[in-house]
Amino acid sequence: MREYNSFSRVEEIARERFGLYWEYPFQRTKFLIVPDFPTLGKIVALRFIEWLQLNPEGVVSLPTGKTPEYFIEWTSYFLTNWNKKHVKRELEKWGIDIERKPDMKNYYFVQMDEFYPMNPKRENSFVYYIKKYYLKGFGFDPKKMILMETFRSRAISEKNLYHIFPDGKVDLSLRYRKPKNQLEELQQKAIYDIDRFAAEYEEKIEKLGGIGFFLGGIGPDGHIAFNIRGSDHNSTTRVLNINYETAAASSVDLGGIEVARNKAVITIGLKTITQNPTTTAIIFASGESKAKVVKDSIENEPDILYPATALHKLSAARFYLTKGASSLLTGVRIEKLKNYEKVPEEEIARIFIDIANKKKKRLKELTKSDLKNNIFGKILVDKKIHVEKEKNRISSEIVEKIRKGTEVIKGVKILHTAPHHDDIMLGYLPFILHLVRVPENRHFFATFTSGFTSVSNHYTLRMINVVEEFLEKGLLDSLLKEKDYFNPKNLTGRNRDIFQYLDGVAAQSDEMKKEAEARRMLRNIVEITGSSDIGKVKKEIKRLKLYLLRTYPGKKDIPEIQKLKGMIREWEEELLWAHLGFNCNHIFHLRLGFYTGDIFTPAPEYTRDIKPVITLLERISPDIITVAFDPEGTGPDTHYKVLQIVAESLREYLKKHKNKNLKIWGYRNVWFRFHPADANIYVPVSMNSIAILKSAFDICFGSQRSASFPSYEYDGPFSELAVKIMVEQYSVIKNIIGRDFFYSNPVPRLRATRGMVFIKEMNPEELLEEAEELKKLMETL
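Residues numbered from 1 in each chain as written. Predicted model: local features only at pLDDT ≥ 70, side-chain atom pairs only at ≥ 80, totals over all residues. Heavy atoms only, no water.

Asker: Quick question: what am I supposed to make of the overall build of the protein here?
Answerer: Looking only at helices and strands, the protein has 31 helices and 17 strands in total. Its C-alpha atoms give the protein principal-axis dimensions of about 75 × 75 × 60 Å. Taking all 781 residues of the protein together, 60% fall into the buried category. For the protein, the exposed surface amounts to about 32400 Å²; the carbon and sulfur share of it is 49%. (Helix = DSSP H or I, 4+ residues; strand = E, 2+ residues; numbered from the N terminus. Buried < 20%, exposed > 50% of the residue type's maximum accessible area, 1.4 Å probe, protein only. Areas by Shrake-Rupley, 256 points an atom, 1.4 Å probe, with all protein chains shown as cover.)

Have a look at this one:
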């Protein structure tokens, strides 16, 4: 078996530069922590180039998806600009030998996984991705690319797999049972054939001496390649069905959970990765949402519940992590705590709350013994923390946070901002329901992206069919005779669309609601065509309909369909805020250009993305700005980039308005949540608020009712997950301060509490400090 050189000067320099250790308590494999997501990609790229230099020939396996964004950009940049002076200087800083540029033609490339069935010519296939970014981008030899191109079964050569599996569902029980009909006979032949392909694929890798450099992300269930939770650590290349978490994470790529949950996959096995003991295997992860699965993978003994623990046997296995992804690692937390000269109050609160919640005790019932029996609590005791004093402080602070969440706020202008059209609702609608009751307050709502990737082709086609039906039957003729009714800039007309729909909801009339949808869709198509000529509109309807019928789920849409899907989302948001009496002049759809639908969206730019937000701030002059608060995000995440845009816009705005007294309310929703210690406003949520949230979501967000693009945490609509989170947050607070605080409270609103929304109030300086500077996100390549 081939022996690879896994030495790394890059890792040594990174540890020195970032002030980190290799050895922490409780870790079972080594990890490296970097400051941010762009740096993560850069370090991985440097380590890859270093490995190539140390191993002039070999086998590499590189990942697909969004996580490799900066890895691909940095690697391409270094390889393309190798001989430029400033690039040589940068490479030398990291111990790279600039006299030996790697020859990519010397290496074999092994594809690690693919959906089955999948046409490799489709943009959402991993084969397509590999050919675009690695074969073409890095310059591998096409003859040395070992790919999972399985679209035509060798056993049934006259048909492709979409004919054999017409609904995309692969029933792997056909391996063991008799086919029920002729179609199942074909499917059984195809399954046996792909199993043979998998065995041959494994044999090819083994003959090459095994994988020398493996780079992978990690899924929500801990999967490596498609080795989902429960995979045998001795597994080889094989075909399997995926679990819900993996299907949900893949739903955007495949055009919806309806498609993803039926898919089978082909994947190299865990033993395929680890068969060569000298393999360098790197798992990289970004964002706090990955922290739990990272902790499980690094700190647990090898176990099938944690697929990445299979890598522990490799001496050159590494986890490269951002601060957020490493935030739950026990050893890191211990070192951080020990190194504090004075432990921050927020950190003390986090530890006390966690211990109380785990023991199902009120904070005031915690004893010094409880703390000593906890690994983090013991450090606090050793640092002579006054236990009684801290218990009382934290309990009092929690009560104060609840008070802040119930205080009446008057005479303010609030600009509610969101990456997507339902983010505000899912994050803190119960708070808004109380804020709007004060007539002296003014509210404005700004959504930064058009959100078109979360509208399925099926739903868009349904909406097109509605407007086509109404036009064919002449049901919109009277409105067509009104001057400029369907002019996209006619706010009165837009508001009338909304009133028609909500009147239909109140009257329980499906026909009234359909008419409202038809009106708005016609208005949207007039905007797309730039013409109110009904002949041109009908022609465009037929063209768009034909496109949707012929395209495949998950394909990047043509600009007109992207725009139409985005306008469907805008319509849904307008319906929501109309519930509370806000017309279209209170709602701003910014449609910022960084949101493109590409797998790697471009970094925010000043003129295109930041200037429109500054203009909005000048127009509204808000007293409070809300922001989806995800400083690191989960990688190349829309929330992350929107936060950078808000931060940079505020920085510019405050240069001109230095005396402006602004508050920032950071919120989170279904994608990630605050620890109680991180938030400083707790908003009680009643059954009434829960009912309004669920009902309004169902009424307004038609494209989201079927949860085509769900969270991996919950198999259902986002509204139900949002409520679940609010209830869980309340359960924690109720436990640590005692149920009597709520059940026996003299304030009816507190007695009615059944959920809790967490908000982090900041001043602008705190937001800018927490959010990375925009230039870091846009780091020059």
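Asker: Which parts of the structure should I look at to understand the pairing of strand 10 (residues 316–322)?
Answerer: Each regular strand displays side chains that alternate between the two surfaces of the sheet. Of all seven residues in strand 10, seven are buried; the element is thus mostly enclosed. In strand 10, alternate side chains face the same way, and those of A316, R318, Y320 and T322 on one face and A317, F319 and L321 on the other are all buried. With six bridges connecting them, strand 9 (residues 280–285) and strand 10 associate as parallel partners. Across the sheet, I282 pairs through a bridge with R318, a residue of strand 10. In this fold, strand 9 hands off to helix 11 (residues 291–299), which returns the chain to strand 10; that crossover is right-handed. (Pairing = 2+ DSSP bridges. Right-handed = clockwise from strand over helix to strand, strands pointing away.)

Asker: Which parts of the structure should I look at to understand the layout of surface pockets?
Answerer: To find leftover empty space, one rolls a probe the size of a water molecule over the atoms. Of the voids in this model, the second largest pocket is the one considered here, and its volume is about 360 Å³. Lining the second largest pocket are 14 residues, with L491, R494, C584, I587 and H589 sitting closest to its centre. For the lining of the second largest pocket, the secondary structure elements donating two or more residues are helix 20 (491–506), helix 23 (559–578) and strand 13 (587–589). Here the lining of the second largest pocket takes three residues from strand 13, the largest share from any one element. Considering only residue class, the lining of the second largest pocket consists of five nonpolar, two polar and seven charged. (1 Å grid on protein atoms, 1.4 Å probe; cavity = no way out; pocket = protein on both sides within 12 Å on 5 of 7 lines; lining within 4 Å. Points joined across faces, edges and corners; volume = space filled by probe spheres on them. Nonpolar A, V, L, I, M, F, W, Y, C, P; charged D, E, K, R; others polar.)

Asker: I'm lost on a negative patch on the surface in this one. Help?
Answerer: Together, E346, E765, E766, E769 and E770 make up a negatively charged patch on the protein surface. The dominant element in the negative patch, judged by the number of residues it contributes, is helix 30 (residues 764–770), at four residues. Along the polypeptide, E765 turns up in helix 30. (Patch = residues over 30% accessible without salt bridge, like charges linked within 9 Å, V, L, I, M, F, W, Y side chains within 5 Å. Salt bridge = Lys/Arg side-chain N within 4 Å of Asp/Glu carboxyl O. Lys, Arg positive; Asp, Glu negative; His and termini not counted. Charge placed at Lys NZ, Arg CZ, Asp CG, Glu CD.)

Asker: Explain empty space enclosed by the protein to me, please; I cannot follow it from the model alone.
Answerer: For the structure on display, the rule yields six cavities of 30 Å³ or more. Here the largest cavity defines a volume of roughly 110 Å³. Along the walls of the largest cavity sit 15 residues, with G427, R668, N669, I725 and Q729 positioned nearest its centre. Counting only elements with at least two residues in the lining of the largest cavity, the list comes to helix 17 (423–435), helix 27 (718–737) and strand 17 (753–762). Among the elements that line the lining of the largest cavity, the one with the most residues is helix 27, at four residues.

Asker: Just to check I follow, could you spell out helix 8 (residues 244–254) for this structure?
Answerer: In an α-helix, one turn spans 3.6 residues, which is why side chains three or four residues apart end up on the same side. Burial runs high along helix 8: eight of the eleven residues are buried. On the buried face of helix 8, the contacting elements are strand 4 (113–116) and helix 9 (257–260). At the C-terminal side of helix 8, G255 shows a positive phi close to 90 degrees. (Contact = heavy atoms within 4.5 Å.)

Asker: How should I be thinking about the nonpolar core in this particular structure?
Answerer: Within the largest apolar cluster, 102 residues are counted, with the highest numbers of intra-cluster contacts made by F48, L62, F71, Y134, F140 and I268. Looking at this core element by element, the count peaks at ten residues for helix 2 (residues 37–54). Residues contacting L62, with those up to four places away along its chain left out, are F48, F71, F109, V110, M112, Y134, F138, F140, F213 and L215. In terms of nonpolar packing, the next biggest core, distinct from the first, is built from 77 residues, W571, W577, I681 and L693 among them. (Core = buried A, V, L, I, M, F, W, Y, C linked by side-chain atoms within 4.5 Å.)

Asker: Is there a simple way to think about the packing of helix 18 (residues 457–472) against helix 23 in this case?
Answerer: For any two helices packed against each other, the geometry is given by the interaxial angle and the distance between the axes. Taken N-terminus to C-terminus, the directions of helix 18 and helix 23 make an angle of 80 degrees; their axes are 11 Å apart at the nearest point. When the interaxial angle is binned, helix 18 and helix 23 end up roughly perpendicular. Judged by residue contacts, N457, Y459, T460, M463 and I464 of helix 18 engage L564, K565, I568, W571 and E572 from helix 23. Grouping the amino acids of the contact of helix 18 with helix 23 by side-chain chemistry returns six nonpolar, two polar and two charged. (Axes fitted to C-alpha atoms, helices over the stretch in contact; angles between N-to-C directions. Parallel < 35°, antiparallel > 145°, perpendicular 65-115°, else oblique.)

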